[in-house]
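# Architecture at a glance
Letter by letter, the chains look like this.
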Amino acid sequence: MVEQSPPAAPGTMIHRHALATRLWHWVTAIAMFIMIGSGIGILKAHPHLYWGRYGANFDSPWLSLSWMPGWVSTGLNILTLPTNYNLALSRRWHLLFALVLAFALLAFMIVSLVNRHFQRQLRVRAGELAPRNVLHDLKEHLAFRFHDPADPSAYNIFQKLSYVGVIFVLIPLLILTGLTMSPALNAAWPWLLDLFGGRQSARSIHFIAAFGITLFIVVHLVLVILAGPINELRSMITGRWRVPGDDS
Amino acid sequence: MTLITRRGLIGGAAASAGVLLSGCDKLAQNEEFRKILFSGEKMNQGLQRALTNRGALAPEFRPDQMSPRFRTNGTRDPNTPDYNGQAAARFANWRLQVQGLVARPLSLSMADIRQLPARTQITRHDCVEGWSAIGKWGGPQLSTVLDAAGLSDRARYIVFTCADLYNGAPYYESIDLVDARHPQTILAWMMNDALLDIGHGAPLRLRVERQLGYKHAKYVMRVDAVASLAGIGRGKGGFWEDTVDYDWYAGI
């Protein structure tokens, strides 16, 4: 496929994203949007985070929303689902779309192993992590040149690391820490509690991973816009991507 | 692509996030969509029950792992004339009625209940709001009481009616037989090696360790075995389920 044939010439259209990748991307985009909004709604019910097995009002939080400047809570209010505080409805959204998010990831992982998307496009090769290569890609990024002229459709090291980080670290971490907050699953799978150091630690890690995902989304959207939003969006909808030339 | 358009796109993305969220609000008010949204509860319950051991015990902790202070929540004091009278008599006149689909309805005094074999467990209490506290609970297993009353084969749910009132109606909760028969499901009259205090549900409260805190009915006066939750309250199986649409299954 793409990497076996010589790199396509600038200006030509290539098939960039498999149907499974595009489907998963949009299902996850919608689910993640709902998860972040409803997650903020749930956090507001007790906006304090603790380490360890327990944590409540008489214990010491490591982070409390009440310490945040006003613009943080204003920003959180804008993103909350539902827009008026309603813990029951936030939980309904969160716990239904958690299933969508988790099973979509599972299906995407299986398909992407079978169609070799992971092995072909996301595998980090040894040389790519060499400081020289990382530094080179960083300089190119800062100059807003995102594509390797020798092989424009290949992901650069920052793309690979961030996609691998989201698919294999952040979303699985969100799913597992989410499951660790379930009292019924604590009974069935107590190893989850051992893995994360207690329910309140799992809740804190859940929040940190969600913050990481939010940062990723912001950077991802900014880079899509900088790289040419129409071409990038089209490639994630229809799969067709125009190979950028020197003038793009 | 000019920078102005890019800036416009970023602003547009932020604005569309707001529009999408209020769109979600409207969807959640639609009766048909609500059914889909609320179906997640049955899916999670079904998955948990299908994939895990139904008899698995909730984690129990060592005394040194307990919360230094266990906060109260919900009703801190029922403060009704009846309840205040009971509390003044140190619950000597409290009766636990066991009724419904049972062969032998019971009316147990606190002395009767304290004579039943007690299970003691140090467990974590998880509030739906997100906080957790670890405390020590003691009291008879619910199954001991249900067996003494002779539970009918037609019984599907156990309903707990409480002494605290919300807008004039008693708080109530319900669980199914999987949780009612679970070894850690107890009617606790002891907490942290003392008699249960008023803030935590004196003289008797439910512990159903694999579900969230609002299921753990406090000030329990009556236990009913029923075939269906319809006709009780507004039919959703509990006070918060009826009034604000909390999940009846609170294992997650």
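Residues numbered from 1 in each chain as written. Chains lettered and ligands numbered in written order. Predicted model: local features only at pLDDT ≥ 70, side-chain atom pairs only at ≥ 80, totals over all residues. Heavy atoms only, no water.

## Remarks on helix H6 (residues 157-180) of chain A
Residue and element names in this part refer to chain A. Just so we agree on the cut-off: Elements are defined by DSSP. Helices are runs of H or I of four residues or more, strands are runs of E of two residues or more, and each kind is numbered from the N terminus. Here the expected length of a helix is defined as 1.5 Å per residue gap, with one fewer gap than residues. Axes are fitted to the seven residues ending at a residue and to the seven starting at it; the angle between these axes is taken as the bend at that residue. Classification of residues uses two cut-offs on accessible area relative to the type maximum, computed with a 1.4 Å probe and protein chains only: under 20% is buried, over 50% is exposed, and between them is partly exposed.
For H6, with 24 residues, the first-to-last C-alpha span of 32 Å sits near the 34 Å given by 1.5 Å per residue. For H6, the principal kink sits at Val 166 and spans about 40°. Buried within H6 are the following residues: Ile 157, Gln 159, Lys 160, Gly 165, Val 166, Ile 167, Leu 170, Ile 171, Pro 172, Leu 174, Thr 177 and Thr 180.

## What about the UniProt feature "transmembrane region" (unreviewed entry) in chain A?
Residue and element names in this part refer to chain A. Which entries qualify depends on this criterion: UniProt positions are given in the numbering used here, feature names are shortened, and annotations may be inferred rather than shown by experiment.
The positions that UniProt labels "transmembrane region" (unreviewed entry) are, in the present scheme, residues 23-43, 93-115, 163-185 and 205-227. Across residues 23-43, the secondary structure splits into 100% helix and 0% strand, with the terminal C-alpha atoms separated by 29 Å. Here residues 163-185 is 91% helix and 0% strand, with 29 Å between the C-alpha atoms at its ends.

## Quick notes on the sheet that holds strand S9 (residues 194-195) of chain B
Filter applied, for reference: Criterion used throughout: strands pair if DSSP finds at least two bridges between them.
Strand order in this open sheet of 4 strands is S3-S4-S8-S9 (chain B), and the pairing throughout is antiparallel. Strands at the two margins of the open sheet, each flanked by one partner only, are strand S3 (118-126) and S9 of chain B.

## Examining the UniProt feature "domain: Cytochrome b561 bacterial/Ni-hydrogenase" (unreviewed entry) in chain A
In this structure's numbering, the residues bearing the UniProt feature "domain: Cytochrome b561 bacterial/Ni-hydrogenase" (unreviewed entry) are residues 16-239 of chain A. End C-alpha atoms of residues 16-239 of chain A are separated by 5 Å, and the span's content is 70% helix alongside 2% strand.

## Thoughts on the domain arrangement of chain B
Keep this limit in mind: Boundaries of every domain are those given by an automatic assignment or by a domain database.
We note that the domain assignment places domain 1 (3-49) and domain 2 (60-244) within chain B. Between domain 1 of chain B and domain 2 of chain B, the C-alpha centre-to-centre distance is 37 Å.

## Details of the UniProt feature "domain: Oxidoreductase molybdopterin-binding" (unreviewed entry) in chain B
In the numbering used here, UniProt assigns the "domain: Oxidoreductase molybdopterin-binding" (unreviewed entry) feature to residues 91-225 of chain B. Helix makes up 13% of residues 91-225 of chain B and strand 46%, and the two end C-alpha atoms of the span are 24 Å apart.

## Some points on empty space enclosed by the protein
Defined as follows: Cavity: a set of points on a 1 Å grid over the protein atoms alone where a 1.4 Å probe fits but cannot get out. Pocket: an open set with protein on both sides within 12 Å along at least five of seven lines, its lining residues, like those of a cavity, having an atom within 4 Å of a point. Grid points are joined across faces, edges and corners, and a volume is the space filled by probe spheres set on the points. Any residue outside Ala, Val, Leu, Ile, Met, Phe, Trp, Tyr, Cys, Pro, Asp, Glu, Lys and Arg is labelled polar, Gly included; the first ten of those are nonpolar and the last four are charged.
Evaluation of the coordinates by the stated rule reveals 3 cavities of 30 Å³ or more. Put simply, the largest cavity is a space of about 120 Å³. Counting residues per element, the ones that place at least two in the lining of the largest cavity are helix H7 (183-188) of chain A together with helix H2 (31-51) and helix H6 (177-180) of chain B. Split into classes, the residues belonging to the lining of the largest cavity amount to 4 nonpolar, 5 polar and 4 charged. One number sums up the size of the second largest cavity: a volume of about 60 Å³. The wall of the second largest cavity is formed by Pro 183 and Asn 186 of chain A together with Ala 58, Pro 59, Phe 61, Thr 123, Arg 124, Asp 126 and Glu 209 of chain B. Residue assignment for the lining of the second largest cavity shows that the elements contributing at least two residues are H7 of chain A together with S3 of chain B.

## Notes on the interface of chain A and chain B
As a reminder of what qualifies: Throughout, a residue-residue contact means that at least one pair of heavy atoms, one from each residue, lies within 4.5 Å. Buried area is calculated as the accessible area (1.4 Å probe) missing from two parts once they are joined, with the contributions of both summed. When a carboxyl oxygen of Asp or Glu lies within 4 Å of a side-chain nitrogen of Lys or Arg, that pair is called a salt bridge. N or O atoms closer than or at 3.5 Å make up a polar contact, with two conditions inside protein: a donor-capable atom paired with an acceptor-capable one, and, for residues adjacent in sequence, both atoms drawn from side chains.
Listed by partner, the interface residues are 42 residues for chain A and 56 residues for chain B. Buried area between chain A and chain B, both sides added, is near 4500 Å², and the carbon and sulfur share of it is 67%. Linking chain A with chain B are 4 salt bridges. A salt bridge links Arg 92 of chain A to Glu 41 of chain B, with the shortest nitrogen-to-oxygen separation between them at 3.1 Å. Applying the counting criterion to the chain A and chain B interface returns 18 residue pairs in polar contact (both at pLDDT 80 or more).

## With respect to the state of the cysteines
What counts, and what does not: Criterion for a disulfide: a pair of cysteine sulfur atoms within 2.5 Å.
Throughout the structure, instances matching the rule amount to 0 disulfides over all chains. Sulfur of Cys 127 of chain B: no disulfide; nearest cysteine sulfur belongs to Cys 162 of chain B and is 16 Å away.

## Focus on the sheet that holds strand S5 (residues 157-166) of chain B
Residues and elements named next belong to chain B. Let me state the cut-off plainly: For helices, the fitted line uses only the C-alpha atoms of the stretch in contact; every axis is such a line through C-alpha atoms, and the angle between N-to-C directions lies from 0 to 180 degrees.
Strand order in the open sheet formed by 5 strands is S2-S1-S11-S5-S6, with mixed pairing between adjacent strands. Here the strands that pair on one side only, and so sit at the sheet edges, are strand S2 (106-109) and strand S6 (169-176). Going from strand to strand, the sheet's axes swing by 20° on average, the running direction of each strand aside. Across 7 bridges, the pairing between S5 and S6 is antiparallel. Bridge assignment links Thr 161 to a residue of S6, and that residue is Tyr 172. Its contacts with the sheet put helix H5 (residues 142-149) on strand S1 (95-100), S2, S5, S6 and strand S11 (220-226), and the angle it makes with S2 is roughly 135°.

## Some thoughts on the pattern of salt bridges
Oppositely charged side chains can pair when the atoms bearing their charge come close. Tallying each qualifying case throughout the model produces 21 salt bridges over all chains. Here Asp 245 of chain B ties to Arg 34 of chain B by a salt bridge, and the two come within 2.7 Å at their closest N and O atoms. In this pair, Asp 245 of chain B is assigned in the segment after helix H7 (239-244) and Arg 34 of chain B in helix H2, connecting sequence segments 211 residues apart. Salt bridges linked by common partners bring Arg 91 and Arg 92 of chain A together with Glu 41 and Asp 247 of chain B together as one network.

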